[in-house]
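For reference, the chains in residue letters:
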Amino acid sequence: IQILGQKKIERDAIEAKLKTKIGEPFSEENVREDIKGIFKLGYFYDISVSQTVLPQGLGLVYTVVEKPSMTEIVFEGNSEIKSEELLEASGLKAYEIIQIQKIRDATDKLLKMYEDKGFFLAKIDAVTSDIKPGESVKLTFKIDENEKVKVKKITFLGNKRLKDGYL
């Protein structure tokens, strides 16, 4: 069994997810489970498996393509909340492996933070740009804070005994 393409993730971590073992009979079901197990690690975009015929039997080559890491996290358009506060609230850290779900969760947390401060119309878009293609990316949160939501008028409906001014 060979594993190719990993740079940041150790070979042992990948091998621990393999059901296929050296010396056991070949099973397509095990290879399918191997691919699922490796994908569940969350560090890879693509996994392919090829077979080679060796004098002592069949050889398997697992070729993996790693997700890049976020080497830089930047906030643009924020004037009401400091970038340091936003980074802390996002839960993201530089040099983490990029994971789309974590970025979505971070965006939701940042929107909640803006809502708590009265900016209910804030919009946040997360954009990635390559620094080193396939190895590292820059994550930019583009923030449109908009105006704070303010109450301009209060209307009471159904009050027959008390006047609006009293309420």
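Remember, it's a predicted structure, so these values are computed and weren't measured experimentally.

**Student:** Outline the nonpolar core, supporting the account with residue identities and numerical values.
**Tutor:** Core analysis: the largest hydrophobic core is formed by 19 residues, its most contacted members being F75, L86, L92, Y114 and F141. Here the element with the most residues in this core is helix α4 (residues 100-116); it accounts for five residues. In this view, F75 contacts S83, L86, L87, L110, F141 and I143; residues no more than four positions away in its chain are not counted. Counting eleven residues, the second-largest nonpolar core is a separate cluster that includes I3, I38, F44 and L60.

**Student:** So, the sheet that holds strand β1 (residues 2-4): which residues are in play, and what are the values?
**Tutor:** Taking strand neighbours across the sheet as the criterion, the three strands line up as β1-β3-β2 in an open arrangement whose pairing is mixed. Sheet topology places β1 and β2 (44-54) at the edges, where each strand pairs with a single neighbour. This sheet shows a mean twist of 20° between the axes of neighbouring strands, independent of strand direction. Relative to strand β3 (residues 57-66), β1 runs parallel, the two sharing three bridges. Counted as the bridge partner of L4 is T63 from β3. Sheet strands touched by helix α2 (residues 28-40): β2 and β3. Its angle to β2, the strand with the most contacts, is close to 150°.

**Student:** I'd like to hear about a nonpolar patch on the surface, residue by residue, with values.
**Tutor:** A cluster of nonpolar residues, V151, I154, F156, L162, Y166 and L167, forms a patch on the protein surface that exposes about 670 Å² of accessible area. Inspection of the secondary structure assignment puts Y166 in the segment after β7 (136-144).

**Student:** Give me the lowdown on the layout of surface pockets, citing residues and values where you can.
**Tutor:** In this structure, the largest pocket encloses a volume near 300 Å³. Top element by residues in the lining of the largest pocket is β3. It accounts for four residues. When grouped by side-chain class, the residues that make up the lining of the largest pocket number seven nonpolar, six polar and two charged.

**Student:** Mind laying out the packing of helix α3 (residues 83-90) against α4, listing which residues take part and the relevant values?
**Tutor:** It is at 8 Å that the axes of α3 and α4 come closest, and there the two elements cross at 125°. Taken together, the axes of α3 and α4 are oblique relative to one another. Once α3 is placed against α4, the crossing between them reads as right-handed. Listed contacts from α4 to E85, L86, A89 and S90 of α3 are A106, K109, L110, M113 and Y114. Among the residues forming the contact of α3 with α4, the class breakdown is six nonpolar, one polar and two charged.

**Student:** Give me the lowdown on the sheet that holds strand β5 (residues 96-97), citing residues and values where you can.
**Tutor:** Spatially, the four strands line up as an open sheet ordered β5-β4-β7-β6, and their pairing is mixed. The strands lining the two open edges of the sheet, one partner per strand, are β5 and β6 (123-132). Bridge count for strand β4 (residues 69-76) against β7 is seven bridges, and the pairing is parallel. Its bridge partner being in β7, F75 is matched across the sheet by F141. Set on the sheet, α4 makes contact with β4, β5, β6 and β7; between it and β6 the angle comes to about 140°.

About the cut-offs
- Residues numbered from 1 in each chain as written.
- Predicted model: local features only at pLDDT ≥ 70, side-chain atom pairs only at ≥ 80, totals over all residues.
- Heavy atoms only, no water.
- Core = buried A, V, L, I, M, F, W, Y, C linked by side-chain atoms within 4.5 Å.
- Buried < 20%, exposed > 50% of the residue type's maximum accessible area, 1.4 Å probe, protein only.
- Helix = DSSP H or I, 4+ residues; strand = E, 2+ residues; numbered from the N terminus.
- Contact = heavy atoms within 4.5 Å.
- Pairing = 2+ DSSP bridges.
- Axes fitted to C-alpha atoms, helices over the stretch in contact; angles between N-to-C directions.
- Patch = residues over 30% accessible without salt bridge, like charges linked within 9 Å, V, L, I, M, F, W, Y side chains within 5 Å.
- Areas by Shrake-Rupley, 256 points an atom, 1.4 Å probe, with all protein chains shown as cover.
- Salt bridge = Lys/Arg side-chain N within 4 Å of Asp/Glu carboxyl O.
- 1 Å grid on protein atoms, 1.4 Å probe; cavity = no way out; pocket = protein on both sides within 12 Å on 5 of 7 lines; lining within 4 Å.
- Points joined across faces, edges and corners; volume = space filled by probe spheres on them.
- Nonpolar A, V, L, I, M, F, W, Y, C, P; charged D, E, K, R; others polar.
- Parallel < 35°, antiparallel > 145°, perpendicular 65-115°, else oblique.
- Left-handed = near helix turned anticlockwise from the far one by under 90°.

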